[in-house]
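This is what each chain is made of:
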Amino acid sequence: MRKKLMKGMALVTALFMAVGIMPEYNAPKDYAQVQAAATLSITSPTDGKLLAAGYNDFTWGSVSNTKEYKVYVDGSSVGTTTSTTYRYYTTSVAMHKLKVEAVLNNGSKVDSPEITFGITKKGLAVNDVMGRHIDPVELKAGWYYDWSTNPHSFKGYDQIEFVPMIWGVGNDGAIPDVIQKNYKYLLAYNEPDMSRDYGGSDTSVEVVLQHWPNFNVSNRNYILGSPAPALCPAWGNGVWFRNFWDGLTQAQKDAIDFIPLHCYYGGGYSGVNAARSLVNDVVKGTYEMCHKPIWITEFAPSERGYGDAEARRKAKEYLEEAFKLLDELPYVERYSWFSFDATDGYNGAAALWTNSTGELTELGRTFIECGNPEGYVPPEPEKEHYTYTETTRNKLLPDSSTVNSKSYSDLTKNASISATSSINDNSGPDKAIDEKIDSRWESVQGVDPQAVVLDFKETKSIKKVDIVWETASAKNYTVEVSDDGVNYTKVADIRGGSATQNRYDSIVFDSDIEVVGRYLKIYGSERSTTYGYSIYDIAIYGEKYNKIPNEIYGLQYSTASDGFRVIANVESTINGKQVVEYGNVIGVKGASYTANAMVVGSKNEDVRSFKSTSAGLSSVNYSKSGTAKSYIMTFIDNGKTVEALTAQYAIRSYAKLSDGTYVYSDIVEFTIYGIADKLYKEKSMPTLAQHNFLYNNVLKIVNKNYSVVSY
């Protein structure tokens, strides 16, 4: 899986003579204009994005000579700014429409394309153990917290908002870090009115009041929540919070932006009545006392095990009714159900999933369907092109391994290895491939990142990566490949690895991609312990790379079609299999594309594939092999704006084989301006008229001072 930037494009000129008769493929207009037609584009949120209720920041690209920007939500003006960002507040659980209008100094106006975004109040309260195996995007959550100031590194959590918490007075030292990382919200002390035996921070009102000024420092940039009491302020036993509130000055009260609450109904009290009590007694009672927005950061029925079918039914009624009522209250900003483990014999009736596997309960599936804006459709997760498993192994990895019914040898046998660091000569990287299970590579302790790099001496096709770790392992790491040892492409991203002695990680790449390179890097970005990284054994299974892939031979500019053209080559048979389909995969709107995204059937909204036909075949063969067929495909740019002509494209050729697998060329990144610039400077156009066309219709539009080149 190789990615190369095209540094000096192979531009073919001979075909320009035949521009009038060459077949052309017009990309759908709405796709070709993803960025080309817009001079003002919204950068955040992305279209269809689910956001958490409360404050959200809208951002957009700047437009020169702008006097001001007007922001419209659902057709109504919500604000005006001279900046390219606007903080918007809403607790309306619905799909909303956003548009930005640039008012120029000359009085004219430029509108952005209208996008949609959804608002949900629903979030997740999950620590490492609870949240490791679930997908927050699948659960349609808009935010999460984990009782700490460190976000999860598990996959999916970077797609939703993280809210840090200062758990107790001993954690005040993390406040500067919260400020530096520019988190939008901050939760303060967790259950100071509850014993530590029951999860509380167990701190007196007097001590909390002494520490409270730490949250109101002059450079504060977060929206602040009060301490979250275990006992409702509106209840008779909610004395702790009432004393805290009474002990604050008016200025300190004004500086608190919202009140987080916890509520657990025990003894089987659940169902619709419990949900109404939650809203009327706990939420409304607290709001009437403090007149601040409310978050319910922990709530669920308790004291009933998963095996109690009636308790599970009541928990479902409770969740459905509570979410409905909370969504209707405008002063309720957010809420997060507390999911007990399904294996919890005392509280498991309220479980949304099993912690050890992430398998959803019936209540978990109900959770997915509740608390969502009507019409919201979550994005399909981008397909990983590998399978990852974590087990344990206390012996050497085998010399060969079978992948998809074919045996592959261990490529490390003839490879050299290096590392970013080692503790000493007896713990160098060679110990990870020395065929001894009791020796190991050890990096320096307490330092991230660290890496080992294998050099196979020649290009290899890699099918599987196996690693046996010591307890001091990688919590998060990537596997990357390279042709030159300098420019690497990520082919696997492993997160949430455990600190288990003899942890055995196995990564098997799917048959629909090629992982190709001379070098392979295992790059640890976060340790699982406070020590370093330590590997007992590494095996990389694969074979010599001797295939002829599809290739992008050249890029042209068609003056007849007013767009760019691609010449690609495809063999009739590859790897002994017949080619049954071929074409191009093209991406718009990004400056960089991974080989995982640039595939047929990609879930990336900015990537499309276009099938070619015999009509696109060229009578001239441009392949390196001399046996491949060359074909041409034309894409109309549909616009002569700076944005259109400098928009970043990426393209690669593909071939589908008779067994259903795909073979891809390298990825080529380019702009229409870049193609025209090279053709013009090299005087490569076949006629003076076409030479001048590039200057007048491409180059001068982008650069008014572009130098004229005589033909």
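The sections below set out a description of the structure shown in this document. (Residues numbered from 1 in each chain as written. Predicted model: local features only at pLDDT ≥ 70, side-chain atom pairs only at ≥ 80, totals over all residues. Heavy atoms only, no water.)

1. Topic: the sheet that holds strand β6 (residues 85-90)
For step 1, the next point in the chain: Here we have 3 strands laid out as an open sheet, ordered β1-β3-β6, and antiparallel in their pairing. Strands at the two margins of the open sheet, each flanked by one partner only, are β1 (42-44) and β6. Adjacent strand axes in the sheet meet at a mean angle of 35° when their direction is disregarded.
For step 2, the next point in the chain: Both strand β3 (residues 54-60) and β6 contribute to a ladder of 6 bridges, which runs antiparallel. Considered in β6, the bridge of F58 is made with Y86. (Pairing = 2+ DSSP bridges. Helix = DSSP H or I, 4+ residues; strand = E, 2+ residues; numbered from the N terminus. Axes fitted to C-alpha atoms, helices over the stretch in contact; angles between N-to-C directions.)

2. A word on the state of the cysteines
For step 1, the next point in the chain: Under the counting rule described, the total for this entry stands at 0 disulfides.
For step 2, the next point in the chain: The structure places no disulfide on C232, whose sulfur is separated from the nearest cysteine sulfur, that of C263, by 7.1 Å.
For step 3, the next point in the chain: With a relative accessible area of 1%, C232 lands in the buried category.
For step 4, the next point in the chain: C370 takes part in no disulfide bond, and the closest cysteine sulfur to it belongs to C263, at a distance of 18 Å. (Disulfide = S-S within 2.5 Å. Buried < 20%, exposed > 50% of the residue type's maximum accessible area, 1.4 Å probe, protein only.)

3. Some remarks on the pattern of salt bridges
For step 1, the next point in the chain: Counted by the stated rule, this structure contains 34 salt bridges.
For step 2, the next point in the chain: Of the charged contacts, one joins E161 and K184 as a salt bridge, the two residues approaching to 3.9 Å between their closest N and O atoms. Remark: K184 occurs in the loop between α3 (175-180) and β13 (185-186) and E161 occurs in strand β12 (residues 161-162); sequence separation between them is 23 residues.
For step 3, the next point in the chain: On the accessibility criterion, E161 (16% relative accessible area) is buried.
For step 4, the next point in the chain: Judged by its relative accessible area of 14%, K184 is buried.
For step 5, the next point in the chain: With a closest N to O distance of 4.0 Å, D430 and K431 form a salt bridge.
For step 6, the next point in the chain: For D430, a relative accessible area of 39% translates into the label partly exposed. (Salt bridge = Lys/Arg side-chain N within 4 Å of Asp/Glu carboxyl O.)

4. Side note on the side chain of E581
For step 1, the next point in the chain: Examined against the element boundaries, E581 turns out to sit in strand β32 (residues 577-588).
For step 2, the next point in the chain: It turns out E581 is buried and unbridged, and the closest side chain with the opposite charge, K611, is 4.4 Å from it.
For step 3, the next point in the chain: Here Y654 takes part through its side chain, which lies 2.7 Å from a polar atom of the side chain of E581. (Lys, Arg positive; Asp, Glu negative; His and termini not counted. Polar contact = N/O pair within 3.5 Å; in protein donor to acceptor, adjacent residues only side chain to side chain.)

5. Here's the deal with unusual backbone geometry
Trans peptide bonds make up the majority, and among non-glycine residues the majority have a negative phi.
For step 1, the next point in the chain: Cis rather than trans, the peptide bond between S44 and P45 has omega equal to 5°.
For step 2, the next point in the chain: Along the chain, the position of P45 falls in the loop between β1 and β2 (49-52).
For step 3, the next point in the chain: In this chain, D448 is followed by P449 through a cis amide linkage whose omega measures -5°.
For step 4, the next point in the chain: Of note, P449 is situated in the loop between β22 (441-442) and β23 (450-469).
For step 5, the next point in the chain: Of note in the backbone geometry, D202 takes a positive phi value of approximately 50° without being a glycine.
For step 6, the next point in the chain: Position of D202 among the secondary structure elements: in the loop between β13 and α4 (205-211).
For step 7, the next point in the chain: When its relative accessible area of 49% is taken as the criterion, D202 is described as partly exposed.
For step 8, the next point in the chain: Phi at S405 is positive, roughly 70°, even though this residue is not glycine.
For step 9, the next point in the chain: Topologically, S405 is positioned in the loop between β19 (400-403) and β20 (406-410).
For step 10, the next point in the chain: Classification of S405 by relative accessible area gives exposed; the value is 76%.

6. What about helix α8 (residues 309-328)?
For step 1, the next point in the chain: Helix length check: α8, at 20 residues, gives a terminal C-alpha distance of 29 Å against a target of 28 Å (1.5 Å per residue), a fit within 8%.
For step 2, the next point in the chain: Along α8, the positions that sit buried rather than exposed are A311, A315, Y318, L319, E321, A322, F323, L325, L326 and D327.
For step 3, the next point in the chain: Looking at where α8 begins, the residue whose side-chain oxygen comes 3.2 Å from the main-chain nitrogen of E310 is D308. (Expected span 1.5 Å × (residues − 1).)

7. Some remarks on the pairing of strand β27 (residues 516-527)
For step 1, the next point in the chain: For β23 and β27, the ladder comprises 8 bridges, and the chain directions are antiparallel. By the bridge assignment, D455 is partnered in β27 with Y519.
For step 2, the next point in the chain: With 8 bridges connecting them, strand β24 (residues 474-482) and β27 associate as antiparallel partners. Looking across to β27, one finds that V479 is bridged to I522.

8. Some remarks on the environment of M194
For step 1, the next point in the chain: Structurally, the position occupied by M194 is in the loop between β13 and α4.
For step 2, the next point in the chain: Remark: the alpha-carbon pair of M194 and Y264, spanning 70 residues in sequence, is separated by 13 Å.
For step 3, the next point in the chain: Residues contacting M194, with those up to four places away along its chain left out, are G200, S201, D202 and A230. (Contact = heavy atoms within 4.5 Å.)

9. Quick notes on the packing of aromatic side chains
For step 1, the next point in the chain: Going through the model one piece at a time under the given rule, you end up with 49 aromatic pairs.
For step 2, the next point in the chain: Residues Y318 and W337 carry aromatic rings whose centres are separated by 5.7 Å and whose planes lie at 55° to one another, so their mutual orientation is tilted. Here Y318 is found in helix α8, whereas its partner W337 is found in strand β17 (residues 332-337), with 19 residues between them in sequence. With respect to burial, Y318 and W337 carry one shared label: buried.
For step 3, the next point in the chain: Where F610 meets F635, the ring centres are 5.4 Å apart and the plane angle is 65°; that geometry is what we call edge-to-face. (Phe/Tyr/Trp six-rings, centres within 6.5 Å; stacked < 30°, edge-to-face > 60°.)

10. Notes on the pairing of strand β4 (residues 66-73)
For step 1, the next point in the chain: Examined bridge by bridge, β4 and strand β7 (residues 95-104) share 7 bridges and lie antiparallel to one another. In the strand pairing of β7, E68 is matched with V103.
For step 2, the next point in the chain: With 5 bridges connecting them, β4 and strand β5 (residues 76-81) associate as antiparallel partners. For K70, the partnering residue across the bridge sits in β5 and is T80.
For step 3, the next point in the chain: In sequence, β4 turns back onto β5 through a hairpin of 2 residues, with D74 there showing a positive phi of about 55°.

11. Describing the sheet that holds β12
For step 1, the next point in the chain: Overall, parallel pairing links the 6 strands, which are arranged β12-β11-β10-β17-β16-β15 in an open sheet. The two strands at the open ends of the sheet, each matched to only one other strand, are β12 and β15 (259-265).
For step 2, the next point in the chain: The pairing of strand β10 (residues 122-125) with β17 spans 3 bridges and is parallel. When the bridges of β17 are listed, G123 appears paired with S336.
For step 3, the next point in the chain: Across the sheet, helix α7 (residues 271-290) is in contact with β15, β16 (294-301) and β17; its angle to β15 comes to roughly 150°.

Taken by themselves, the reported measurements are silent on function.
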